[in-house]
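# Tertiary structure, described
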Amino acid sequence: GQQVMQIPQYQHVQEGEDFTTYCNSSTTLSNIQWYKQRPGGHPVFLIQLVKSGEVKKQKRLTFQFGEAKKNSSLHITATQTTDVGTYFCAGKAAGNKLTFGGGTRVLVKP
Amino acid sequence: EPEVTQTPSHQVTQMGQEVILRCVPISNHLYFYWYRQILGQKVEFLVSFYNNEISEKSEIFDDQFSVERPDGSNFTLKIRSTKLEDSAMYFCASSARSEQFFGPGTRLTVL
């Protein structure tokens, strides 16, 4: 079945630094979504990417969808303590089923 | 802002007992989902529901699980005979199109 892998599993970042988390799917996706889950919270939708090579920005967050629609990345610039949480990518191949990656847990050092 | 609600927030049950987890999706949404998340692990898809029937389900969603939309507002997940490994956070989600809105979850503990 479809698998979605994310690296790194953990990301320790100094406040103010940048980092990137990567997502790879075993199958071609119709779209990819990104969610953020704060500790003890529930996943919250961040963005959806649909087109091959698409790039979207939300303030300090930049999301990219690969040309082959099998991979994606999330880049955060000037990390803040409010960025703490787990970032999940979730791929949709067909239908409405979302397959989540394992997540990147982000810890910010002040 | 409309949100998905779930009850109870925490359910403790004995192995072998039946549990029903309840969700109230956002009112104008047509697609409903259940996911589970074992502590510290990824979110796993269980089932999606549309037009009063299951549209997709995962390998996890075996005969012990069932879903129902008993009225116009509630969406329930029933686990017939709970096992220790069913202990997890269960999230309900709903969507109008693509973006899925998750509820706060029910933490199920099976003893």
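Further up the page is the structure itself.
Residues numbered from 1 in each chain as written. Chains lettered and ligands numbered in written order. Predicted model: local features only at pLDDT ≥ 70, side-chain atom pairs only at ≥ 80, totals over all residues. Heavy atoms only, no water.

### Regarding the overall build of chain B
The condition that has to hold: Secondary structure elements follow DSSP: runs of H or I no shorter than four residues count as helices, runs of E no shorter than two count as strands, and numbering proceeds from the N terminus. Between the two quantities, the radius of gyration covers C-alpha atoms and the globule rule is 2.2 Å times the number of residues to the power 0.38. Any residue under 20% of the maximum accessible area for its type is buried, any over 50% is exposed, and the rest in between are partly exposed; the area is computed with a 1.4 Å probe on protein chains only. We call two residues in contact whenever any of their non-hydrogen atoms come within 4.5 Å of each other. Neither His nor the chain ends contribute to the count of charged residues, in which Lys and Arg are positive and Asp and Glu negative. Charged groups are reduced to one reference atom each: NZ for lysine, CZ for arginine, CG for aspartic acid, CD for glutamic acid.
Secondary structure summary: chain B contains zero helices and eleven strands in total. Ordered by position from the N terminus, the helices and strands of chain B form the series β-β-β-β-β-β-β-β-β-β-β. Against the compact-globule benchmark of 13 Å for 111 residues, chain B has a radius of gyration of 13 Å, which places it among compact chains. Its C-alpha atoms put chain B at 35 × 25 × 25 Å along the principal axes. Each of the 111 residues in chain B was classed as buried or not, and the buried ones make up 42%. The contacts in chain B between residues at least 6 apart in sequence include a share of 53% that link residues at least 24 apart. For chain B, the distance from the average position of its 10 positive side-chain charges to the average position of its 14 negative side-chain charges is 2 Å.

### A closer look at the sheet that holds strand β7 (residues 65-68) of chain B
Residues and elements named next belong to chain B. The condition is simple: One bridge is not enough; two strands pair if DSSP finds at least two bridges between them. A fitted line through C-alpha atoms represents every axis, and for helices the fit uses only the stretch in contact; the resulting angles, taken between N-to-C directions, go from 0 to 180 degrees.
Spatial strand order, β1-β3-β8-β7: four strands in an open sheet with antiparallel pairing. For this open sheet the edge positions go to β1 (5-7) and β7, each flanked by a neighbour on one side alone. When the angles between neighbouring strand axes are averaged without regard to direction, this sheet yields 20 degrees. Of the pairings in the sheet, the one linking β7 to strand β8 (residues 75-79) comprises four bridges and is antiparallel in character. Note that in β8 the partner of S66 across the bridge is K78.

### Quick notes on the interface of chain B and chain A
Stated precisely, the cut-off is as follows: Throughout, the accessible surface (probe 1.4 Å) given up by two parts as they are put together, summed over both, is called the buried area. Salt-bridge detection follows one rule: a side-chain nitrogen of Lys or Arg within 4 Å of a carboxyl oxygen of Asp or Glu. Counting of polar contacts relies on pairs of N or O atoms within 3.5 Å, with two restrictions inside protein: one atom must be capable of donating a hydrogen and the other of accepting it, and residues adjacent in sequence are counted only when both atoms are side-chain atoms.
Contacts between the two partners involve 18 residues from chain B, matched on the other side by 19 residues from chain A. Both sides of the chain B and chain A interface together cover about 1,500 Å² of buried area, and 53% of this is carbon and sulfur. Area buried by chain B at its contact with chain A is led by B:K42, B:S98 and B:F102, which between them contribute 31% of it. Here chain B and chain A share zero salt bridges between them. Between chain B and chain A we count six residue pairs in polar contact (both at pLDDT 80 or more) in total. If you tally residues by element for the side of chain B that touches chain A, the top one is strand β4 (residues 31-37) of chain B, at four residues.

### Focus on the environment of B:K57
All names here are of chain B. Its location among the elements puts K57 in strand β6 (residues 53-57). Each C-alpha atom of the pair K57 and Y33 lies 9.5 Å from the other, and the pair is 24 residues apart in sequence. In contact with K57, other than residues within four places in its own chain, are F45, L46 and V47.

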